[in-house]
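Results of the structural survey
The lines below spell out each chain.
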Amino acid sequence: MKVTVFGIGYVGLVQAAVLAEVGHDVVCVDVDQNKVNNLKKGIIPIYEPGLTPLVNSNFEAGRVVFTTDAAQGIKHGDVIFIAVGTPPDEDGSADLKYVLAVASSVAANMQSHKIIINKSTVPVGTADKVTAKITEVLKKNGKDVSFDVVSNPEFLKEGAAVNDCMRPDRIILGTTSERSEKKLRELYAPFNRNHDKIIIMDVRSAELTKYAANCMLATKISFMNEMANLAEKFGADIENVRKGIGSDPRIGYQFIYPGCGYGGSCFPKDVQALIRSATAVGYDAKVLQAVEAVNYRQKEKLFDYIMRHYNNDVKGKTIALWGLSFKPNTDDMREASSRVLMEKLWEQGAKVQAYDPEAMQETQRIYGSRPDLSLMGTKEASLNNASCLAICTEWQAFRAPDFDLIKRAISDDVIFDGRNLFEPSIVSEHGLQYYAIGRGMSVVPVV
Ligand SMILES: NC(=O)c1ccc[n+]([C@@H]2O[C@H](COP(=O)([O-])OP(=O)(O)OC[C@H]3O[C@@H](n4cnc5c(N)ncnc54)[C@H](O)[C@@H]3O)[C@@H](O)[C@H]2O)c1
């Protein structure tokens, strides 16, 4: 099937590569010339496990093509995916300018029937806006070409995106058009062999399903962080509580890890966008507001521990930092908790010596060179001459460190762990003081 994907980001590139892998003929269009040039040379703009060989093999086989030429892409695809960014607007609502720019471009160039698929996360009612935009441009150009707009939200997780797209839990199709449903069932047939994963619904329900899914996950995290903060106040251990409640199948173990807040390109912006959409229809989304507020506060948690430990004075101190990406197995730093910590430490005159397995280049791109940030080649090197260690991302490589080496390397014998990676008693045995999230008993100084 001839497919075009607009937007070669985390979603568009993975989707394109996976569709090409099963045999579809894919053209990828992006406005970023540099990205397109690099992809043609085999340079993949993001870190995602398994993505580089998948993209490069399909590119070499001619099943995926990269271009900045929108007209070429629109001529090619019977099915056109919109997978461009929908960043927050100034007021937190989703900014649709990139989505609507693609819609205009499709309308200006289409000569035959097209199925236009919204894969970007977009507020309820966006399919209607895309339809209106295409109709307006077609009319202006005196053209009469039929088209359908379908909502097909993406549920991939960064860090496991290839696997998620190859083996999706569900494929949501928001459409009332039989023609589009038939065509998209054909497109997704290779991913649907085990059992029928396609759920057909009306467009608005499909659009809301995506927000509801992300907001539910964010709610679980903020709820657990609230419990962790209470556990600290009560002198309880949130890790015991986590196991205790996770064993109830109605609650489950997934997504109830306390930590220093959620980040990434999706949860923060999608919670915010749904709050704004709710306000626009006259509804005060109180749960979502609380989810956002708790997360905002939680991202300052490690900084608060550090300031408490150092009696509000970290001027001139060097903090070793493990983990910069917003979660493991990605180099994505959007809304990462590490950024809040670093920026607050810098404000107080501290220096950061950081290490991340994949996100160092991205950190360099965001912050450039500055005297209070050193990016180190290994996690051990980041400890040299540091006062203490802080951890913001739960990379596997951090889970079983050499505590004796840490103790020898840092001067103040203290770890601030935003992801609860270690057993407090083990850390204490090595003579290190240990602050973890919601483990009230562990913050009692070692005697
Ligand atoms: N990243 C995720 O984990 C994830 C998961 C599910 C859904 N989503 C949603 O998918 C959408 C895309 O997210 P992403 O993380 O892939 O974004 P991204 O920022 O990584 O990529 C977006 C790409 O679109 C390109 N672009 C912008 N305007 C364009 C235009 N007019 N024509 C062609 N290309 C254009 C940009 O240059 C960029 O390469 C967002 O709505 C996001 O909320 C993201």
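All of these numbers come straight from a predicted model, not from anything done at the bench.

A separate point is the site of the ligand. Taken together, 26 residues form the shell around the ligand, and within it Asp30, Lys35, Thr86, Glu158 and Lys269 come nearest. Side-chain polar atom of Lys35 to an oxygen atom of the ligand: 2.6 Å apart, as the coordinates give it. Taken by itself the ligand offers 840 Å² of open surface, and the protein chains cover 88% of this. Considering only residue class, the shell around the ligand consists of 12 nonpolar, seven polar and seven charged.

This part is about unusual backbone geometry. Most peptide bonds adopt trans geometry, and most residues besides glycine take a negative phi value. Of note, Asn311 is a non-glycine position whose phi angle comes to about 50°, a positive value. Along the chain, Asn311 falls in the loop between α13 (301-309) and β9 (318-322).

The subject of this paragraph is the side chain of Asp356. Structurally, Asp356 can be placed in the loop between β10 (351-355) and α15 (360-367). For Asp356, the side chain forms a polar contact with the main-chain nitrogen of Ala359, separated by 2.8 Å. Among the polar contacts listed, one links the side chain of Asp356 to the side chain of Trp395, at a separation of 3.0 Å. Apart from the residues within four sequence positions on either side, Asp356 is in contact with Gly323, Leu324, Ser325, Thr393 and Trp395.

Turning our eyes to something else, we now look at the packing of aromatic side chains. One pass over the full model with this rule turns up 11 aromatic pairs. Following the ring pairs from residue to residue traces out a cluster consisting of Phe255, Tyr262 and Phe267. Positioned over the ring face of Phe155 is Arg170, at 3.6 Å from the centre of the ring. One residue, Arg370, lies across the ring of Trp346, its end atom 3.7 Å from the ring centre.

Calculation notes
Residues numbered from 1 in each chain as written. Predicted model: local features only at pLDDT ≥ 70, side-chain atom pairs only at ≥ 80, totals over all residues. Heavy atoms only, no water. Near = heavy atom within 4 Å. Polar contact = N/O pair within 3.5 Å; in protein donor to acceptor, adjacent residues only side chain to side chain. Areas by Shrake-Rupley, 256 points an atom, 1.4 Å probe, with all protein chains shown as cover. Nonpolar A, V, L, I, M, F, W, Y, C, P; charged D, E, K, R; others polar. Helix = DSSP H or I, 4+ residues; strand = E, 2+ residues; numbered from the N terminus. Contact = heavy atoms within 4.5 Å. Phe/Tyr/Trp six-rings, centres within 6.5 Å; stacked < 30°, edge-to-face > 60°. Lys NZ or Arg CZ within 6 Å of the ring centre and 35° of its normal.

In short, the description is geometric, and any link to function would need to be established separately.
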